[in-house]
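So the chains spell out like this:
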Protein chains: 2
Amino acid sequence: MSEVNHTKTVRVALAGCGVVGSELVRALHVQGPRIEMELGVRFQLERVLVRRIERPRTVAFAPGVLTADLDAFLATEADVFVEAIGGLEPAQRIARAALSKGRPFVTANKVLIAAEGEDLCSLARARGVDAHFEAAVAGGVPVVRVVREYLCRGPIRRIRGILNGTCNFVLTLLERGERLEDAIAEAQRRGFAEADPARDLDGRDAADKLAILAWLAFGVSPRSLALRRRGILPDAERLSRGASAAGGRLRLIAECEAFAECEADGEVVSASVEPIVLASESPFARTVGEENRIAIDAGWPWPIELAGPGAGGVPTAAALLADLIQATTSRAAFAPHVAFAALPTADHASNHVDLRVHAWLIGVRAGLVREARSRFADAGIAAALAGATIGDGWLITAPVSWSCIAPVLRSLEADGARPAVARLETEELRVVEEPLPLIAVAVGG
Amino acid sequence: MSEVNHTKTVRVALAGCGVVGSELVRALHVQGPRIEMELGVRFQLERVLVRRIERPRTVAFAPGVLTADLDAFLATEADVFVEAIGGLEPAQRIARAALSKGRPFVTANKVLIAAEGEDLCSLARARGVDAHFEAAVAGGVPVVRVVREYLCRGPIRRIRGILNGTCNFVLTLLERGERLEDAIAEAQRRGFAEADPARDLDGRDAADKLAILAWLAFGVSPRSLALRRRGILPDAERLSRGASAAGGRLRLIAECEAFAECEADGEVVSASVEPIVLASESPFARTVGEENRIAIDAGWPWPIELAGPGAGGVPTAAALLADLIQATTSRAAFAPHVAFAALPTADHASNHVDLRVHAWLIGVRAGLVREARSRFADAGIAAALAGATIGDGWLITAPVSWSCIAPVLRSLEADGARPAVARLETEELRVVEEPLPLIAVAVGG
């Protein structure tokens with residue numbers, strides 16, 4: 001093959017040197033010689049923004065590279081800016097400063113892209129560069145590329161995924177009998193979970209990532225996406241036990257879909273993040289630990305499936321490096337979404353999600369099973385008993401919409417029944433005709 | 001979002017209007033308005049090369065677009081050339097003509113890229129354009145992009161896949177009890193299989209695709225890749241039955257891997273395409289019909305998994321369209337592989353594959369089971385009986401290399417035992433201690 005005659009030096013400014021940032025530094029160091037030889041590009045770390053310069057680090061820097069001064073960082077003469085801090089500020093300020101100077105911007109920040117991605121991409125286009133955010137969704141799984149560049153959203157009908165590795169890691173440990181707090185502590189020990197893991201477990205993190213995918217797939221502004229969100233909190237352990245009792249596995253599933261609401265309106269987009277009980281043999285149920293999985297329905301006989309590590313410093317840093325290479329070796333980054341034929345997402349779209357018909361797995365305290373069952377019956381909803389565990393009775397409703405069960409759930413809640421709810425998506429159910437003896441005793445007592 | 005001010009017209013010359021080509025024409029027609037609005041690109045079919053102009057077609061063309069004259073086609077004033085004919089000629093002539101004129105070349109042709117991809121990419125680079133071949137591997141599954149651009153081969157250790165949809169479709173029907181000839185006829189009826197499906201079933205097609213992936217992953221020239229290849233012919237039905245009898249499922253698995261042969265030599269690449277008996281619950285065993293699946297080991301806790309339709313006109317045309325958009329909307333296509341740090345693949349690499357240790361499932365005529373077992377024993381190889389079916393006895397060897405069992409197989413072959421062989425990769429084995437009664441009678445008779 002032909003040799004590279006000239007090496008181009010690309011000056012990189014990196015904001016953040018935590019779990020992900022330090023792995024990017026390491027990858028640039030280890031893979032640098034090969035990248036230089038093959039691509040003719042030498043990445044040179046010009047400046048790295050950190051919170052505390054004196055903190056001990058596992059990677060070494062040339063003198064003067066580390067800075068804790070944001071203004072000095074923003075003034076860096078760099079060819080590309082990479083952000084691996086997370087959160088809205090100062091990430092947004094860094095992004096706007098970089099793009100305004102006509103420098104490509106690479107980020108792992110889903111909060112930033114879900115909130116400001118549309119504006120940042122507009123700013124980037126106006127300056128002839130691009131904002132790259134492969135690492136912001138599903139860690140090392142290249143779903144952003146596949147949706148944005150490969151499918152170019154032409155034939156996409158639905159995207160469904162496990163998008164939060166921490167939550168999935170926790171659910172996997174719960175299935176093995178661990179307690180929630182131990183599972184969270186283990187996720188933190190491994191560097192997946194945030195210091196406050198609530199965003200992982202209540203579905204906000206998955207919702208941000210889903211909003212980004214819905215934007216790329218359907219043109220819906222991520223800020224205006226109406227999304228139904230329920231996480232696995234507060235009753236993650238109960239829900240997980242109930243899913244097992246019903247013969248399935250609990251997963252936090254994010255999905256978005258374009259559908260025709262009525263002929264006159266054309267298509268609208270619906271989106272949801274919620275716990276779903278899946279058949280144990282389904283690919284999503286078999287996704288364990290911090291793995292992420294995405295299925296894209298393009299109207300073909302099979303969906304396009306993508307899976308891989310959804311968290312962790314090394315895979316996320318690999319996604320940043322891929323974007324860094326794309327941003328600097330292509331003369332122009334691929335920026336297809338010049339003007340979206342955006343599908344609307346209005347209240348009626350989210351209502352539509354609520355009106356869809358599903359079976360539901362509902363857990364109540366064992367002593368309230370009969371009462372709960374009769375309240376569902378009064379609302380016209382048949383509810384069979386699922387396999388039960390001590391302390392909780394589990395009911396499976398006939399297929400009805402969320403709007404139908406919500407009032408019954410509220411009335412049970414008011415009476416202290418603490419109902420736990422997950423959507424059901426499995427036919428492998430352990431349904432029993434009559435209350436199990438233990439429950440019968442409790443109810444009859 | 002901002003509007004597109006100018007529409008650029010891109011003149012397309014398309015060679016081939018069969019199953020894939022006609023779906024590309026249809027996709028350009030259906031998705032054209034959206035692509036024009038969003039990307040500012042209007043694709044205009046300038047010329048379409050067909051074998052017979054007068055043949056009835058499901059898509060309509062403007063007068064003068066269709067031609068059966070190769071020279072006229074080559075002389076077309078087009079901005080990009082797309083090839084969907086297949087086979088080496090005239091595809092190669094079209095590729096060289098297009099690239100020599102500095103026009104991007106887009107193809108679905110694995111035979112062409114496996115044989116000439118390296119030269120074509122060199123020619124492309126010299127002219128400042130690129131050759132695009134996403135559709136050449138795994139149909140609608142974007143594995144070429146993921147290996148070439150996303151992973152940029154930095155951390156890849158191993159790629160393993162089901163890369164031939166026709167073969168997998170046939171294996172799935174065999175599992176359901178259909179006969180080989182009926183399964184092949186059904187694959188042809190659905191438009192997957194070639195008129196001569198031998199390339200699908202004997203592993204040559206998968207080997208071409210694997211050679212392309214190994215090239216992108218490890219820099220090994222596809223022409224010089226030493227590859228061990230065994231297909232499912234001639235005894236596909238027997239092998240499939242034997243896999244079931246042993247408690248697994250048969251799949252044709254293509255894999256390539258970089259490994260350190262010894263410290264002094266550095267890394268070399270090994271590659272194989274062969275039938276493997278997998279545990280029924282494994283993702284590859286659960287890949288049915290014409291679905292393709294690829295797992296890429298990048299040294300992370302989980303492989304990157306990609307799956308989707310590996311054959312069929314619509315998905316393959318979608319891959320062509322994605323490349324067409326990439327070739328014409330990026331000012332420069334992504335062409336990372338300027339100079340490969342290619343890993344060697346020599347005879348010793350293929351020998352190394354042969355020296356690896358696996359268990360093997362070996363079927364012989366029922367009357368020869370005892371004899372076969374004793375010949376393996378003479379060669380120092382323990383062979384237990386697997387669950388057996390009428391007409392065949394199935395043996396499972398202790399883990400040994402191919403080089404160890406090959407002489408025994410040859411000696412059995414010479415005695416008319418017609419041994420059928422697959423690698424074993426499952427612990428879900430039905431191993432029996434003694435010959436089943438039917439076999440015992442046959443052997444004792």
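Our structure is the block above this text.
What you see is a predicted model; the values in this text were computed from it and never measured.

Criteria and thresholds
Residues numbered from 1 in each chain as written. Chains lettered and ligands numbered in written order. Predicted model: local features only at pLDDT ≥ 70, side-chain atom pairs only at ≥ 80, totals over all residues. Heavy atoms only, no water. Pairing = 2+ DSSP bridges. Helix = DSSP H or I, 4+ residues; strand = E, 2+ residues; numbered from the N terminus. Axes fitted to C-alpha atoms, helices over the stretch in contact; angles between N-to-C directions. Parallel < 35°, antiparallel > 145°, perpendicular 65-115°, else oblique. Left-handed = near helix turned anticlockwise from the far one by under 90°. Contact = heavy atoms within 4.5 Å. Nonpolar A, V, L, I, M, F, W, Y, C, P; charged D, E, K, R; others polar. Buried < 20%, exposed > 50% of the residue type's maximum accessible area, 1.4 Å probe, protein only. Arc of directions from axis to C-beta.

A. Inspection of the sheet that holds strand β2 (residues 41-49) of chain B at higher detail. Residue and element names in this part refer to chain B. Strand order across the open sheet formed by six strands is β3-β2-β1-β4-β5-β6, with parallel pairing between neighbours. Edge positions in the sheet fall to β3 (66-67) and β6 (131-132), since each has one partner strand and no second. Pairing geometry for β2 and β3, over two bridges, is parallel. Residue Val-48 lies in a different strand from β3, and its bridge partner there is Leu-66.

B. Quick look at the packing of helix α5 (residues 143-150) of chain A against helix α9 (residues 204-218) of chain A. Residue and element names in this part refer to chain A. It is the contact of α5 with α9, at a shortest axis distance of 8 Å, that shows an interaxial angle of 20°. Taken together, the axes of α5 and α9 are roughly parallel relative to one another. Judged by the sense of rotation from one axis to the other, the crossing of α5 with α9 is left-handed. On α9, the residues that touch Val-143, Val-144, Val-147 and Arg-148 of α5 are Leu-213, Leu-216 and Ala-217. Tallied by class, residues from the contact of α5 with α9 come to six nonpolar, no polar and one charged.

C. Expanded view of helix α13 (residues 369-378) of chain B. Residues and elements named next belong to chain B. Within the sequence span of α13, burial applies to Val-369, Ala-372, Arg-375 and Phe-376. Down the axis of α13, the buried side of the element spans an arc of 130°, and every buried residue falls inside it. Backbone geometry just after α13 places Gly-380 at a positive phi near 80°.

D. Expanded view of the side chain of Asp-323 of chain A. Inspection of the secondary structure assignment puts Asp-323 of chain A in helix α11 (residues 313-329). Not counting residues up to four positions away in its chain, the partners in contact with Asp-323 of chain A are Val-106, His-132, Phe-133, Glu-134, Ala-135 and Arg-145 of chain A.

E. Spotlight on the environment of Asp-119 of chain A. All names here are of chain A. The topology assignment puts Asp-119 in helix α4 (residues 110-126). Sequence separation between Asp-119 and Arg-375 is 256 residues, and the spatial gap between their C-alpha atoms is 49 Å. Ignoring sequence-local partners within four residues, the contact set of Asp-119 consists of Arg-96 and Arg-223.

F. Expanded view of the pairing of strand β11 (residues 291-297) of chain A. All names here are of chain A. Among the seven residues that make up β11, six are buried, leaving the element largely enclosed by the rest of the structure. Direction of pairing for strand β7 (residues 158-162) relative to β11: antiparallel, over a ladder of five bridges. Its bridge partner being in β11, Arg-160 is matched across the sheet by Ala-295. In terms of strand pairing, β11 meets strand β12 (residues 304-309) through six bridges, oriented antiparallel. Paired with Ile-294 across the two strands is Leu-306, which belongs to β12. From the end of β11 to the start of β12, which pair antiparallel, there are six residues, and Gly-299 there has a positive phi angle of about 80°.

No statement about biological role is implied by the geometric values presented.
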